[in-house]
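# Inside the fold
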Amino acid sequence: MDFSLSKFLSGLWGEPYDWVKWVHRNFSDNHCPECLMLDGCFFKGDNHPSHPHHPYCHCILENISQSKAQSQATVFADYRKFNPYLFNIGKKYPHTKEKLFESWGYNVNDSNFLKSEIEKQGLKKYLAGEYKLGNLNKDGQRISIRIAIPRKDKEGIVSFISGWMVYPNGKIRLTTPYGGK
Ligand SMILES: [Zn+2]
Ligand SMILES: [Zn+2]
């Protein structure tokens, strides 16, 4: 839908349609895996995957209100992304991300704090449209979100990029607690 038209309609109905829901319609036997993964996902109206996604894409963007997005959105970060993965318990993973968090004064005992802080900030920033669209493929649409946490070793704040996957009805799931500076 023409965005200027949706703005006009939102004026009529009194509630702003700031969000869009990606809707895949089955008009052919060719079910594009990317569009299927986008089906039902919520995006901020000015921050969604390119639409139409390809020639003969039958998907539509349905306008939804900020309050609907807000009331339905959920966030999930698996505890195991922190313990054992992030803090590399048992040195089983080919990364050294734990060194960075340790240099900020964090250790594996902070896993629950980091999990809930990243979930809280992730949801808040997703709902504010403060995310960057990343790779989209047959596994889904990735987004990245900047997270800020206090240092525990001294005064100050550090921030980093976390990686997420978008699911239908406003759900986002953490894929990478630390994906870069
Ligand atoms: Zn498609
Ligand atoms: Zn499509």
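Up top is the structure.
Residues numbered from 1 in each chain as written. Chains lettered and ligands numbered in written order. Predicted model: local features only at pLDDT ≥ 70, side-chain atom pairs only at ≥ 80, totals over all residues. Heavy atoms only, no water.

## What to know about the pairing of strand 5 (residues 132-137)
Note the following rule: Strand pairing follows a simple DSSP-based rule, namely that at least 2 bridges must link the two strands. The secondary structure listing takes helices from DSSP runs of H or I that are at least 4 residues long and strands from runs of E that are at least 2 residues long, numbered from the N terminus.
Pairing geometry for strand 5 and strand 6 (residues 140-150), over four bridges, is antiparallel. The partner of Lys 132 across the bridge, within strand 6, is Ser 144. Once strand 5 ends, the chain turns through two residues before running back antiparallel as strand 6.

## Here we look at the coordination of the zinc ion (ligand 2)
Going by this rule: Coordinating N, O and S atoms are those within 2.8 Å of the metal (3.2 Å for Na, K and Ca), and as water is not part of the atoms, a site may appear to have fewer donors than expected. When a residue's accessible area, from a 1.4 Å probe over protein chains only, is under 20% of the maximum for its type it is buried; when over 50% it is exposed; and in between it is partly exposed.
Of the protein atoms, only Cys 35 (SG), Cys 57 (SG) and Cys 59 (SG) coordinate the zinc ion (ligand 2), at distances of 2.2 to 2.3 Å. Mapping the donors of the zinc ion (ligand 2) onto the primary sequence yields the spacing C-x21-C-x1-C. A gap of 3.4 Å separates the zinc ion (ligand 2) and the zinc ion (ligand 1), which Cys 35 links by coordinating each metal. Of the residues examined, Cys 57 reaches a relative accessible area of 13% and is grouped as buried. Given a relative accessible area of 4%, Cys 59 falls into the buried group.

## Observations regarding the environment of Lys 44
Let me state the cut-off plainly: Note on contacts: a residue pair qualifies if any of its non-hydrogen atoms lie within 4.5 Å across the two residues.
Counting through the fold element by element, Lys 44 comes out in strand 2 (residues 42-44). It is 9.8 Å that separates the C-alpha atoms of Lys 44 and Asn 63, two residues lying 19 residues apart in sequence. In this structure, Lys 44 is in contact with Asp 18, Trp 19, Val 20, Gln 66, Leu 127, Ala 128, Gly 129 and Tyr 131, ignoring residues within four places of it in sequence.

## What to know about the environment of Tyr 93
Within the fold, Tyr 93 resides in the loop between helix 4 (82-86) and helix 5 (97-103). Classification of Tyr 93 as partly exposed rests on a relative accessible area of 28%. The sequence separation of Tyr 93 and Trp 19 amounts to 74 residues, and the corresponding C-alpha distance is 38 Å. The contact partners of Tyr 93, leaving out residues within four places of it in the chain, are Pro 84, Tyr 85 and Asn 88.

## A word on the state of the cysteines
Heads up, the rule is: Note on disulfides: each one is a pair of cysteine sulfur atoms within 2.5 Å.
Taken as a whole, this structure holds zero disulfides when the rule is applied. Looking at Cys 41, it has no disulfide partner, and the nearest cysteine sulfur is the one in Cys 59, 11 Å off. For Cys 41, a relative accessible area of 0% corresponds to the buried category.

## Here we look at the nonpolar core
Stated precisely, the cut-off is as follows: Working definition of a nonpolar core: buried Ala, Val, Leu, Ile, Met, Phe, Trp, Tyr and Cys residues. They are joined through side-chain atoms within 4.5 Å. Here the bounds of each domain stem from an automatic or database domain assignment.
Formed by 39 residues in total, the largest nonpolar core has its most connected members in Phe 101, Tyr 126 and Ile 149. Residue-level mapping places this core at the junction of two domains, with at least three residues from each of domain 1 (3-71) and domain 2 (73-180). Non-local contacts of Phe 101, meaning those with residues more than four positions away in its chain, are made with Leu 86, Phe 87, Tyr 106, Leu 114, Ile 149, Phe 160 and Tyr 178.

By themselves, these are just geometric observations and shouldn't be taken as functional.
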